[in-house]
Amino acid sequence: MDTPIPDTDLAALLARQRAAWRAAPPDYAQRMDDLARLRAAFKRRLDDIVAAMGADFGRRSRHESLLTDGMTVLHEIDQVRRHLRRWMRPRRVPADWVFQPAYGEIRHQPLGVVGVIAPWNYPVNLALIPLVSAIGAGNHVMLKPSEHTPRTAALLGELLAGVFPVERVATVQGGPDVAAAFAGLPFDHLLFTGSTAVGRKVMAAAAANLTPVTLELGGKSPAIVAPGFPIATAAERIGFGKLLNAGQTCIAPDYVLIDAADRGALIAALRGYVARHYPTLRESPDYTSIVDARQYARLTALVDDARKRGATIVTLPDEGAHDATQRVFAPTLVLDAPDEARVMQEEIFGPILPIIGVASVEAAIDYVNARPRPLALYHFDHDRRRITEVLTRCVAGGVSVNDCLLHNAQGELPFGGVGPSGMGAYHGHHGFLTFTQQMPVFHQAPFSSMALFRPPYGKLADFLAKFLTR
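These lines cover the structure that appears in this document, whether it is placed above or below. This one's a predicted model, so the numbers in the text were calculated from it and none came from an experiment. (Residues numbered from 1 in each chain as written. Predicted model: local features only at pLDDT ≥ 70, side-chain atom pairs only at ≥ 80, totals over all residues. Heavy atoms only, no water.)

**Some thoughts on the overall build of the chain**
Line of reasoning, step 1. Each helix and strand counted, the chain has 16 helices and 16 strands in total.
Line of reasoning, step 2. Relative to the globule expectation of 23 Å for 470 residues, the C-alpha radius of gyration of the chain, 25 Å, shows essentially globular dimensions.
Line of reasoning, step 3. Principal-axis analysis of the C-alpha atoms places the extent of the chain at approximately 85 × 55 × 40 Å.
Line of reasoning, step 4. Taking all 470 residues of the chain together, the buried fraction comes to 53%. (Helix = DSSP H or I, 4+ residues; strand = E, 2+ residues; numbered from the N terminus. Rg over C-alpha atoms; globule rule 2.2 N^0.38 Å. Buried < 20%, exposed > 50% of the residue type's maximum accessible area, 1.4 Å probe, protein only.)

**Here's the deal with the pairing of strand β7 (residues 213–216)**
Line of reasoning, step 1. Going residue by residue along β7, you find Val-213 and Leu-215 tucked away on one face and Thr-214 and Glu-216 tucked away on the opposite face as well.
Line of reasoning, step 2. Read as a crossover between parallel neighbours, the route from strand β6 (residues 189–193) over helix α8 (residues 196–207) to β7 is right-handed.
Line of reasoning, step 3. In the sheet, β7 pairs with strand β15 (residues 422–423) via 2 bridges, with the strands oriented antiparallel. Bridging from a neighbouring strand, Glu-216 pairs with Gly-422 of β15. (Right-handed = clockwise from strand over helix to strand, strands pointing away. Pairing = 2+ DSSP bridges.)

**Things to note about helix α6 (residues 150–163)**
Line of reasoning, step 1. For α6, built from 14 residues, the straight-helix expectation of 20 Å at 1.5 Å per residue is met to within 8% by its first-to-last C-alpha distance of 20 Å.
Line of reasoning, step 2. Those residues of α6 lying buried are Thr-152, Ala-153, Leu-155, Leu-156, Gly-157, Leu-159, Leu-160 and Val-163.
Line of reasoning, step 3. On its buried face, α6 is in contact with α2 (28–44), α3 (46–57), α5 (125–136), β4 (140–144) and β5 (169–171). (Expected span 1.5 Å × (residues − 1). Contact = heavy atoms within 4.5 Å.)

**Re the pattern of salt bridges**
Line of reasoning, step 1. With the rule as written, the count across this model stands at 25 salt bridges.
Line of reasoning, step 2. In this structure, Arg-39 and Asp-78 form a salt bridge, with 2.7 Å as the shortest nitrogen-oxygen distance. Taken together, the residues Arg-39 in helix α2 and Asp-78 in helix α4 (residues 62–88) connect sequence positions 39 residues apart.
Line of reasoning, step 3. Judged by relative accessible area, Arg-39 falls into the partly exposed class, the value being 27%.
Line of reasoning, step 4. Overall, Asp-78 belongs to the partly exposed group, its relative accessible area being 22%.
Line of reasoning, step 5. Among the ionic pairs, Arg-342 bridges to Glu-346, the shortest N-O distance being 2.8 Å.
Line of reasoning, step 6. The class of Arg-342 is partly exposed, set by a relative accessible area of 28%.
Line of reasoning, step 7. Glu-346 gets classed as partly exposed once you look at its relative accessible area, which sits at 28%.
Line of reasoning, step 8. Ionic contacts of the salt-bridge type, sharing partners, join the residues Asp-33, Asp-34, Arg-37 and Arg-168 into one network. (Salt bridge = Lys/Arg side-chain N within 4 Å of Asp/Glu carboxyl O.)

This is the structure we're talking about:
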């Protein structure tokens, strides 16, 4: 069991990092060296990291871990190092003509000390990618990994301690009490990834210090399948997006809206997807377990509640594929669930997929817009007019057209939520901007045109005032 860290120790650690940052903010050379050493250490320990995640989950697909928590971190480091010099360069901008020959510039100043609270579902990706952004931006970092993946959290602490002095990067271990104290520290910026409910608490704690926050939350991300789109293709891509990490993904498709006439074909195609990709689902090393017994029980309760309310439950390949001992939760389709069912009200965060028949894409848009804005939206269509209509009328944190999840993997696209699904964004240049102050600077010229507009005011001032307010 983790030993709680006293609030005073956390405050002292923050003060130590802040004093070190003020004494010597990391310059370009320091940032590049830090990222290079982090990359080398991460690559060297990658097999250990994958094994730790597997042990924490009980069974986690090795290939998915390498893809989602390995490749993503390495690519983020590479992108930041490739572009950092250009990102750091002050950008000169012209002054308004009234003030010329003065000029302006925008400087990207690091904020100071950044706090990162990471979740358990992608415990390496969602800890290290924000950390990479913050380091690239010139900050020091305090990281709080999830206590629900303790082996991974311990290994991250060991890894980072071998790369950075504690004055620059520190890992804080502990449970909910430590996380609550951590969120209440007066950081220069705080990034939290997790549920909307906990996000509200984090934001409230940060508000006491006026700490700026980036919240990466979740919600119910819809997939819309338009009439005429190949059902087999939609099933392949929705199946992958939903069953990656056994659905324990904040941007997994949470429910599907499809023409009622096509619903049966989609169910059959999803059954085929599971049969092809997980032929021995209970024993398959490619199908990830639910992280712990509490989450497994929560998913079971969602299905039981829907069944009691009249929904039809379709388990793929069958009910016998569940294994509570190993926490293997088989892919489960929920049909005709009423709106008041928990599965239609709560973020699912598991391999349960409600499928809802609608009369048209227009009806699907209305359905999405009647609910809180989602973290992700997936639209499957080849009709450009309808695609434009969806993109124009719906607001989501991010969108993939004709696929799932992949907008999150694009280094040039920001990742973040909107409203109940979050605020702020990071990844690549957007992470650099999140963790810097775009500080405007005005440079006055030897001759200032404003010298013409000083008291005592006379006819020249009258003329200038009339001219400037024409």
